[in-house]
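Geometric and topological summary
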Amino acid sequence: MTVRTKIFAAVALTAALALTGCSSNSDKETEAAQSITVQDQWVKAAPEGMSAAFAELVNSSGKDVRVVSATSPASSRLELHEVVTGDGGTMTMRPKDGGFLVPANGSASLSPGGDHLMFMDLSAPLLPGAETDLTLIYDDGSSTTFTAQIRDFSGNQENYDPNHGG
């Protein structure tokens, strides 16, 4: 082998390894979306204004995953919310600082009276029996889109605190 051939082979090997490294980084970017399964998802029926979505988020990976935002064609704005005990013992919902943590090999419940996805400005009525799509966006930039059925639900009439800094 000539020196020139050896140099060419070394450059080719370095390029191949660099591309493999890029592929590995790409896999890391989508790891959150690949590890989260959405189960038992549903949305509260509403004629206008606000509504909420609920689900069980299951993480099959050995790393914590954080949901940092969400979108849906059913609303111009979707917020990640929590319910806390406010002044006088009233239940108050507000944006949740830091999003939803789905622990490694664990789950996070989005449920009435707890953490949930809040539709802030419905695009159209959410009618019982219909379905809508939602997309969860994770802290690594990946996302999961799922479909949820719309259901009647009259419970959990919390107050809303829009001034919380979430």
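Keep in mind it's a predicted model, so treat the numbers as computed, not measured. (Residues numbered from 1 in each chain as written. Predicted model: local features only at pLDDT ≥ 70, side-chain atom pairs only at ≥ 80, totals over all residues. Heavy atoms only, no water.)

**Some words on the side chain of Asn59**
Spelled out, the test is: Numbering of helices and strands starts at the N terminus; helices are DSSP runs of H or I of at least 4 residues and strands are runs of E of at least 2. Three labels apply to residues, based on accessible area from a 1.4 Å probe with only protein chains included: buried if under 20% of the type maximum, exposed if over 50%, partly exposed otherwise in between. In this analysis, two residues are considered to be in contact whenever any of their non-hydrogen atoms come within 4.5 Å of each other.
Counting through the fold element by element, Asn59 comes out in strand β2 (residues 51-59). On the basis of relative accessibility, which here comes to 2%, the residue Asn59 falls in the buried class. If sequence neighbours within four positions are ignored, Asn59 has contacts with Ser35, Ile36, Asp64, Val65, Val102, Pro103, Ala104, Asn105 and Gly106.

**A few points about the pairing of strand β4 (residues 78-85)**
Basically, it comes down to this: At least two bridges found by DSSP between two strands are what make those strands a pair.
Where burial is concerned, most of β4 is hidden: 6 out of the 8 residues are buried. The pairing of β4 with strand β8 (residues 116-119) spans 4 bridges and is antiparallel. Directly across from Glu79, in β8, lies its bridge partner Met118. In this antiparallel pair of consecutive strands, β4 and strand β5 (residues 91-95), the connection spans 5 residues, and Gly88 shows a positive phi of 75 degrees.

**Section: the nonpolar core**
Where we set the bar: To form a nonpolar core, buried Ala, Val, Leu, Ile, Met, Phe, Trp, Tyr and Cys residues must be joined to one another through side-chain atoms within 4.5 Å.
Of all hydrophobic cores here, the largest spans 29 residues; its most connected members are Val43, Leu57, Val67, Leu117, Phe119, Leu134 and Leu136. Counting 7 residues, the second largest nonpolar core, distinct from the first, contains Phe54, Val83, Met93 and Met118.

**Some remarks on the packing of aromatic side chains**
Note the cut-off: In this analysis, rings of Phe, Tyr and Trp, with Trp reduced to its six-membered ring, are considered paired at centre separations within 6.5 Å, and the interplanar angle assigns stacked below 30 degrees, edge-to-face beyond 60, and tilted for intermediate values.
Scanning all chains against the criterion turns up 2 aromatic pairs. Each ring, one from Trp42 and one from Phe54, has its centre 4.6 Å from the other, and the planes form 45 degrees; the classification is tilted. Note that Trp42 is positioned in strand β1 (residues 36-44) and Phe54 in strand β2, a separation of 12 residues in sequence. Phe54 carries the same exposure label as Trp42, and that label is buried. When the ring of Trp42 is compared with that of Phe153, the centres are 5.4 Å apart and the planes differ by 70 degrees; the resulting orientation is edge-to-face. Highlighted residues: Trp42 in strand β1 and Phe153 in the loop between β10 (143-151) and β11 (159-160), separated in sequence by 111 residues. Residue classification places Phe153 among the partly exposed positions, given a relative accessible area of 29%. Each member of the aromatic cluster is reached from another via a ring pair, and the members are Trp42, Phe54 and Phe153.

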